[in-house]
Amino acid sequence: MTDHSTLIDAIPTELWIGGKQVPSSTGARFSVHNPATGAVLTTVADAAPADGATALDEAFGVQQSWAATAPRERAEILRRAWELVMARRDDFALAMTLEMGKPLAESQGEVAYGGEFLRWFAEEAVRINGRYTSSPTGTGRILVTKQPIGPTLAITPWNFPLAMGTRKIGPALAAGCTMIVKPAAETPLTMLLLGQVFADAGLPAGVLSILPTTSASALTGPLIDDARLRKLTFTGSTGVGKILLSQCATRVLRSSMELGGNAPFVVFDDADVDAAVDGAMAAKMRNIGEACTAANRFHVDNAVRAEFTEKLTARMSALTIGPGDESGVQVGPLITAKQRASVDELVQDAVSKGAVLTTGGAIADGEGYFYPPTVLTDVPTDARILREEVFGPVAAITGFDGEEAGIAAANDTEFGLAAYIYTANLDRALRVSESVESGMVGVNRGVISDVAAPFGGIKESGIGREAGSEGIEEYLETKYIALP
């Protein structure tokens, strides 16, 4: 595997515009930190509004030619990009671990998952279909075609530095759209490395730009207001998503939003408790709990709650904490000191209101932004942790009695991204899945993300879907042509 300094030196650290590295128009740069130590990894160019204008000039300038590029050619570029990501999987994994904190094994998993969006949408690029039918009245013919929306702005989060980008870039390029990506300031290196990969894969200059910045609204606001931009796709918090939607409303800008979650994990009295604990570990601890799909609220039937709590506590307390690039580490640091403080604040709020800690719950001394895997039980209904997305390695357990109470507890939130249910009864599984207000439901499984399945939520968890055959539709306009 490439050593740390060699890898960092090989990653582009300027803006990525026109298929090459470009300094910021202001000359400004900002530091990227390793959350395991707080040390500076490197500095990257800090994009200003003028840089956004340049990137949009490029995107708009090549939009027509990219849309006219044969679908097979677009597909081959995406396929080559996937092959190059796989060839450099160790570099991508180490870059993610260094700038985001997740253990290397999880970073390797994200490379496989994130890269797969490029291969999947390479295959979807040649399957964009319309339809041709006769009018029911017999007075004409109906031709329906699909066309690329046009230049797109993608805003991606820090928790999955590769996959949240490829899940947007893949379908956009496959559909024939150009794209500007604004990655999270905490984790720009992975996306800049991907920009180099796309250039190596033969992507025409200007089709993809990458603009790290510490002034997100100053950069994105003028882009959203520009009539040449035709779509915004955002993954992040519900609060920021609402602000962006309000900005998009003035232009009726096509938008897709993958927002916050507060995923319930419901264990019924007939569930296999050991399997439920396995699923809980996967649903809670994937990505150190820093995932919008992470199980947040554990609603467990009181008939099995004591057993479930005991076994989950044992599993959580046995996890190994440390820097993600060290062997055997299972839990890395949280992304920032601010995020760690936010997680601890929710835990302490719950404890102050009567919740019982069975493991964890205290910030240890030392460098890095580590927080111990934590289990709370007897969590009262007024605890903030049941209402707010914790985004950390904390499981909050409450009890219920009976199926209707379990469904009601699961639905008691304004969010609706992911939900998990454990039961041995197929009828109950289907009945509850249909009753739970969520865009995605995992039945007896703790990991539900799949490149071939539509990813997205309802209620305040978002608008639109990513991945699956549905994902490319977010970047296509439907046109009806009336024929005689």
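Residues numbered from 1 in each chain as written. Predicted model: local features only at pLDDT ≥ 70, side-chain atom pairs only at ≥ 80, totals over all residues. Heavy atoms only, no water.

Another point: the overall build of the chain. Across its full length, the chain holds 14 helices and 20 strands. Against the 2.2 N^0.38 benchmark of 23 Å for 484 residues, the chain shows a C-alpha radius of gyration of 23 Å, consistent with a compact globule. Seen through its principal axes, the chain has C-alpha atoms that stretch 65 × 65 × 40 Å. The buried share of the chain, taken over its 484 residues, is 56%. For the chain, restricting intrachain contacts to residue pairs at least 6 apart in sequence, the fraction spanning at least 24 positions comes to 73%. (Helix = DSSP H or I, 4+ residues; strand = E, 2+ residues; numbered from the N terminus. Rg over C-alpha atoms; globule rule 2.2 N^0.38 Å. Buried < 20%, exposed > 50% of the residue type's maximum accessible area, 1.4 Å probe, protein only. Contact = heavy atoms within 4.5 Å.)

Attention shifts here to the domain arrangement of the chain. As assigned here, the chain comprises domain 1 (4-259 + 461-483) and domain 2 (263-443). The partner domain 2 presents 27 residues to the 26 residues of domain 1 that form the contact. Counting across the interface, domain 1 meets domain 2 through 0 salt bridges. Sorting the residues of the side of domain 1 that touches domain 2 by element identifies helix 4 (89-100) and helix 5 (104-124) as the ones contributing at least two each. (Domains from an automatic or database assignment. Salt bridge = Lys/Arg side-chain N within 4 Å of Asp/Glu carboxyl O.)

With that settled, consider the sheet that holds strand 12 (residues 263-267). Here 7 strands make up an open sheet; going across it, the order is 14-15-16-13-12-17-18 and the pairing mixed. A strand with exactly one partner marks an edge of an open sheet, and here the two such strands are strand 14 (356-359) and strand 18 (440-443). The mean inter-strand angle of the sheet, taken between neighbouring strand axes irrespective of direction, is 25 degrees. With 4 bridges joining them, strand 17 (residues 418-422) and strand 18 adopt parallel strand pairing. Bridging across to strand 18, Y420 finds its partner in G442. This element, helix 13 (residues 403-411), spans strand 12, strand 13 (295-301) and strand 16 (394-400) of the sheet and lies at about 165 degrees to strand 13. (Pairing = 2+ DSSP bridges. Axes fitted to C-alpha atoms, helices over the stretch in contact; angles between N-to-C directions.)

Summarising the element assignment, L219 is placed in helix 8 (residues 216-225). For the pair L219 and K353, spaced 134 residues apart in the sequence, the C-alpha separation amounts to 42 Å. Setting aside anything within four residues of it in sequence, one finds L219 in contact with A47, A48, P49, G52, K182, L211 and T213.

Moving on: the nonpolar core. With 64 residues, the main nonpolar core has V85, I169, L194 and F198 as its most contacted residues. Broken down by element, the residue count for this core peaks at 8 residues, all from helix 5. Setting aside chain neighbours within four positions, we find I169 in contact with M179, V181, M191, L194, F198 and L208. Of all hydrophobic cores here, the second largest spans 47 residues; its members include V277, A350, A355 and Y371. (Core = buried A, V, L, I, M, F, W, Y, C linked by side-chain atoms within 4.5 Å.)

This part is about the UniProt feature "domain: Aldehyde dehydrogenase" (unreviewed entry) in the chain. Taken from the UniProt record, the annotation "domain: Aldehyde dehydrogenase" (unreviewed entry) applies to residues 25-481. Taken end to end, residues 25-481 is 39% helix and 19% strand, and its first and last C-alpha atoms sit 44 Å apart. (UniProt positions renumbered as here; feature names shortened; annotations may be inferred.)

Another point: the sheet that holds strand 20 (residues 476-483). Read across the sheet, 3 strands follow the order 5-6-20 without closing on themselves; strand pairing throughout is antiparallel. The open sheet has two free edges, formed respectively by strand 5 (131-134) and strand 20, since each of these has just one partner strand. The mean angle between the axes of side-by-side strands here comes to 20 degrees, regardless of whether they run parallel or antiparallel.

Moving on, we get to unusual backbone geometry. Of all residues except glycine, most have a negative phi; of all peptide bonds, most are trans. At F391, a position not held by glycine, the phi torsion is positive, near 55 degrees. Residue N444 is not a glycine yet carries a positive backbone phi of 55 degrees. With respect to the secondary-structure elements, N444 resides in the loop between strand 18 and strand 19 (462-463).

A cluster of nonpolar residues, Y132, I481 and L483, forms a patch on the protein surface that exposes about 260 Å² of accessible area. Here Y132 lies in strand 5. Overall, the relative accessible area of 51% leaves Y132 in the exposed class. (Patch = residues over 30% accessible without salt bridge, like charges linked within 9 Å, V, L, I, M, F, W, Y side chains within 5 Å. Areas by Shrake-Rupley, 256 points an atom, 1.4 Å probe, with all protein chains shown as cover.)

This next bit is on the UniProt feature "active site" (unreviewed entry) in the chain. In the numbering used here, UniProt assigns the feature "active site" (unreviewed entry) to E258. When you line up the elements, E258 lands in strand 11 (residues 254-258). In this view, E258 contacts M164, R167, F234, T235, G236, C292, L417, F455, S461 and E466; residues no more than four positions away in its chain are not counted.

Further remarks concern the environment of A218. Along the chain, A218 falls in helix 8. Relative accessible area serves as the criterion here: at 37%, A218 is assigned to the partly exposed category.

On to the packing of aromatic side chains. Scanning the entire structure with this criterion turns up 8 aromatic pairs. Seen from their ring centres, F298 and F308 are 6.3 Å apart, and the 35 degrees between their planes marks the pair as tilted. On the criterion of sequence distance, the pair formed by F298 in strand 13 and F308 in helix 11 (residues 305-317) is long-range, its members being 10 residues apart. Here F298 matches F308 in class, with each residue buried. Following the ring pairs from residue to residue traces out a cluster consisting of F265, F298, F308, Y420 and Y422. The cationic tip of R228 hangs over the ring face of F60; the distance from NZ or CZ to the ring centre is 5.7 Å. (Phe/Tyr/Trp six-rings, centres within 6.5 Å; stacked < 30°, edge-to-face > 60°. Lys NZ or Arg CZ within 6 Å of the ring centre and 35° of its normal.)

Within the fold, R465 resides in the loop between strand 19 and strand 20. Using a relative accessible area of 23% as the deciding quantity, one classes R465 as partly exposed. Each C-alpha atom of the pair R465 and S24 lies 33 Å from the other, and the pair is 441 residues apart in sequence.

Once that is clear, we can look at helix 11. For helix 11, with 13 residues, the first-to-last C-alpha span of 18 Å sits near the 18 Å given by 1.5 Å per residue. The complete set of buried residues in helix 11 reads R305, F308, T309, L312, T313 and M316. Seen end-on, helix 11 carries its buried residues on one side only, within an arc spanning 125 degrees. In helix 11, the exposed positions angled more than 90 degrees off the buried face are occupied by A306 and E310. At its buried positions, helix 11 is contacted by strand 12, helix 10 (273-285), strand 13, strand 14, strand 15 (374-377) and strand 16. (Expected span 1.5 Å × (residues − 1). Arc of directions from axis to C-beta.)

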